[in-house]
Amino acid sequence: MAGGNLIGRAMSYIVNEILVEGLANSTAFQRFAVRTNKKLQDISLKAAEKKEQLKDATKFFDTFKNQ
């Protein structure tokens, strides 16, 4: 049984190495990765801005409610 597991792990390693090497050398994949990263950063910034706006709105309504 250990031999089957070893062969499976070796095949997985080889396929993984080929896949990683292929993607690392692919200009199309690199462009995709850069664009995706940029969009995720933009979304993160917008989410942080909305979070601050929500905090401000919550403070405003709490103050309004208490008066």
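Our subject is the structure listed above.
This text gives an overview of the structure that appears in the document. (Residues numbered from 1 in each chain as written. Predicted model: local features only at pLDDT ≥ 70, side-chain atom pairs only at ≥ 80, totals over all residues. Heavy atoms only, no water.)

Here we take up the overall build of the protein chain. Assigned secondary structure in the protein chain consists of 2 helices and 0 strands. The C-alpha atoms of the protein chain give a radius of gyration of 25 Å, which is well past the 11 Å a tight globule of 67 residues would have. With respect to the principal axes defined by its C-alpha atoms, the protein chain has extents near 75 × 35 × 5 Å. Within the protein chain, the fraction of its 67 residues that count as buried is 0%. Averaging the coordinates of the 11 positive side-chain charges in the protein chain and doing the same for the 7 negative ones gives two points 4 Å apart. (Helix = DSSP H or I, 4+ residues; strand = E, 2+ residues; numbered from the N terminus. Rg over C-alpha atoms; globule rule 2.2 N^0.38 Å. Buried < 20%, exposed > 50% of the residue type's maximum accessible area, 1.4 Å probe, protein only. Lys, Arg positive; Asp, Glu negative; His and termini not counted. Charge placed at Lys NZ, Arg CZ, Asp CG, Glu CD.)

Here we come to the packing of aromatic side chains. Scanning all chains against the criterion turns up 1 aromatic pair. An angle of 40 degrees between the planes, with centres 6.0 Å apart, marks the rings of Phe29 and Phe32 as tilted. Taken as a pair, Phe29 and Phe32 lie in helix α2 (residues 27-66) at a separation of 3 residues, close to a single helical turn. With relative accessibility at 34%, the residue Phe29 sits in the partly exposed group. On the accessibility criterion, Phe32 (47% relative accessible area) is partly exposed. (Phe/Tyr/Trp six-rings, centres within 6.5 Å; stacked < 30°, edge-to-face > 60°.)

Turning our attention to the pattern of salt bridges. Applying the stated criterion to the full structure yields 2 salt bridges. The residue Asp42 makes a salt bridge to Lys38 at a minimum N-O spacing of 3.2 Å. Remark: Lys38 and Asp42 occur in helix α2; sequence separation between them is 4 residues, near one turn of the helix. Measuring nitrogen to oxygen at the nearest pair gives 3.7 Å for the salt bridge that ties Glu52 to Lys55. You can see Glu52 and its partner Lys55 sitting in helix α2, 3 residues apart, about one turn around the helix. Given a relative accessible area of 42%, Glu52 falls into the partly exposed group. With relative accessibility at 41%, the residue Lys55 sits in the partly exposed group. (Salt bridge = Lys/Arg side-chain N within 4 Å of Asp/Glu carboxyl O.)

Let us now look at the environment of Ile7. Tracing the chain through its elements places Ile7 in helix α1 (residues 2-24). Residues Ile7 and Asn66, spaced 59 residues apart in sequence, show a C-alpha to C-alpha distance of 69 Å.

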